[in-house]
Amino acid sequence: IPMIGKTIKDLAGEEAELPGLTQIMLSISHFIVNSWFIVFPILGALIWLVLRYIKTPSGKKQFHQIVLKVPIISKIIKKLAVARFTRTFSALIGAGVAVLEALDITARGVGNTVYEESLKTAAARVKNGEILSRIIAEDEVLYPPIVSQMLSVGEETGQTDKVLVKVADFYEEEVDTAIDSLSSTIEPIMIVIMGSMVGLIAASVMLPIAGLSQQIKG
């Protein structure tokens, strides 16, 4: 783009007025070429600070809260968290671990601080005599209704571990399907984005050439 701009200026004169799109692209190109030693270190520092903040307790919690609100990705994260919860909890219950201890271990292994706090709160309420399936049923944002329903069946039949294994299998398959679907969705979006970028660059190059050719014909 800078070479095209220089060529146009050489042919049409320094006073030649380039199209607005070309001027914008030239300005962006000029800024990157002349300020890369400032831009890239700043970007690197920002990324490092964000990653460091995410590792802190407050930053990790805030990041997990944001992730659960991002369209498309939030569905995958929730299904993955539910799959981990049901898989871990069923394995611990099946091994004879007490419910409160199983909830505490599961909370720390679910991989999301929002779910961790939810399960720890549930453990405290179970300790006070409440039923786990009813507690889970109250939060339909984090737990789909099927989780509380199947958990209730397990509590009534005494086969919580076997019932939750089926739930875990179901949501693990859902996660795989969602990831495959996400991959197929991202590909055309990336093609459109890249095509738009190439189109802008091509337009910024062709517009001044077309204008110059019209001036020569005139």
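Residues numbered from 1 in each chain as written. Predicted model: local features only at pLDDT ≥ 70, side-chain atom pairs only at ≥ 80, totals over all residues. Heavy atoms only, no water.

Engineer: Mind showing me how you'd approach helix α4 (residues 73-94) here?
Structural biologist: Three or four residues apart is the spacing at which side chains of an α-helix point the same way, because the helix has 3.6 residues per turn. In this model α4 runs 31 Å from its N-terminal to its C-terminal C-alpha over 22 residues, within 8% of the 32 Å that 1.5 Å per residue would give. Along α4, the residues classified as buried are Ser 74, Ile 76, Ala 81, Val 82, Ala 83, Phe 85, Thr 86, Phe 89, Ser 90 and Leu 92. Gly 96 lies just past α4 and shows a positive phi near 90°. (Helix = DSSP H or I, 4+ residues; strand = E, 2+ residues; numbered from the N terminus. Expected span 1.5 Å × (residues − 1). Buried < 20%, exposed > 50% of the residue type's maximum accessible area, 1.4 Å probe, protein only.)

Engineer: Teacher, can you tell me more about the side chain of Ser 133 here?
Structural biologist: Relative to the helices and strands, Ser 133 resides in helix α7 (residues 132-137). Only 2.7 Å separates the side chain of Ser 133 from the side chain of Glu 155, close enough to count as a polar contact. Apart from residues no more than four positions distant in its own chain, Ser 133 is found in contact with Ser 148, Leu 151, Ser 152 and Glu 155. (Polar contact = N/O pair within 3.5 Å; in protein donor to acceptor, adjacent residues only side chain to side chain. Contact = heavy atoms within 4.5 Å.)

Engineer: Looking at this model, I keep getting lost on the packing of aromatic side chains. Mind explaining?
Structural biologist: One pair of aromatic rings is described through two measures. These are the centre distance and the angle between the planes. The tally for this structure, following the rule as stated, stands at five aromatic pairs. Residues Trp 36 and Phe 37 carry aromatic rings whose centres are separated by 6.0 Å and whose planes lie at 90° to one another, so their mutual orientation is edge-to-face. For Phe 37, a relative accessible area of 48% translates into the label partly exposed. Residues Phe 170 and Tyr 171 carry aromatic rings whose centres are separated by 5.0 Å and whose planes lie at 85° to one another, so their mutual orientation is edge-to-face. (Phe/Tyr/Trp six-rings, centres within 6.5 Å; stacked < 30°, edge-to-face > 60°.)

Engineer: Quick question: what am I supposed to make of the confidence of the model for the protein chain here?
Structural biologist: Low pLDDT marks regions whose predicted coordinates should not be analysed in detail. Confidence in the prediction for the protein chain averages 87 pLDDT; 91% of positions are at 70 or higher. Between the elements of the protein chain, mean pLDDT differs from a low of 69, seen in helix α1 (residues 2-12), to a high of 94, seen in helix α6 (residues 113-127). (pLDDT = per-residue confidence, 0-100.)

Engineer: What is the right way to look at the packing of helix α5 (residues 99-109) against α6 in this model?
Structural biologist: Packed helices, taken two at a time, are described by their axes: the angle between them and the distance between them. Between α5 and α6, the shortest axis-to-axis distance is 8 Å and the interhelical angle comes to 170°. Classed by the angle they form, the pair α5 and α6 counts as roughly antiparallel. Two secondary-structure elements touch here, α5 through Val 99, Leu 100, Leu 103, Asp 104, Thr 106, Ala 107 and Arg 108 and α6 through Glu 116, Leu 119, Lys 120, Ala 122, Ala 123, Val 126 and Lys 127. Per-class residue counts for the contact of α5 with α6 are eight nonpolar, one polar and five charged. (Axes fitted to C-alpha atoms, helices over the stretch in contact; angles between N-to-C directions. Parallel < 35°, antiparallel > 145°, perpendicular 65-115°, else oblique. Nonpolar A, V, L, I, M, F, W, Y, C, P; charged D, E, K, R; others polar.)

Engineer: What's the story with the pattern of salt bridges in this structure? I'm lost.
Structural biologist: Where charged atoms of side chains with opposite charge meet at close range, the side chains can pair. Taken as a whole and assessed by the stated rule, the structure comprises eight salt bridges. Notably, a salt bridge pairs Arg 87 with Asp 169, separated by 2.5 Å at the nearest N-O pair. In this pair, Arg 87 sits in helix α4 while Asp 169 sits in helix α9 (residues 160-217), placing the two residues 82 residues apart along the sequence. The salt bridge partner of Glu 138 is Arg 125, with a shortest N-O separation of 2.9 Å. Of this pair, Glu 138 sits in the loop between α7 and α8 (145-157) while Arg 125 sits in helix α6, and the two are 13 residues apart along the sequence. Of the residues examined, Glu 138 reaches a relative accessible area of 54% and is grouped as exposed. Classification of Arg 125 as partly exposed rests on a relative accessible area of 23%. Ionic contacts of the salt-bridge type, sharing partners, join the residues Arg 87, Asp 169 and Glu 172 into one network. (Salt bridge = Lys/Arg side-chain N within 4 Å of Asp/Glu carboxyl O.)

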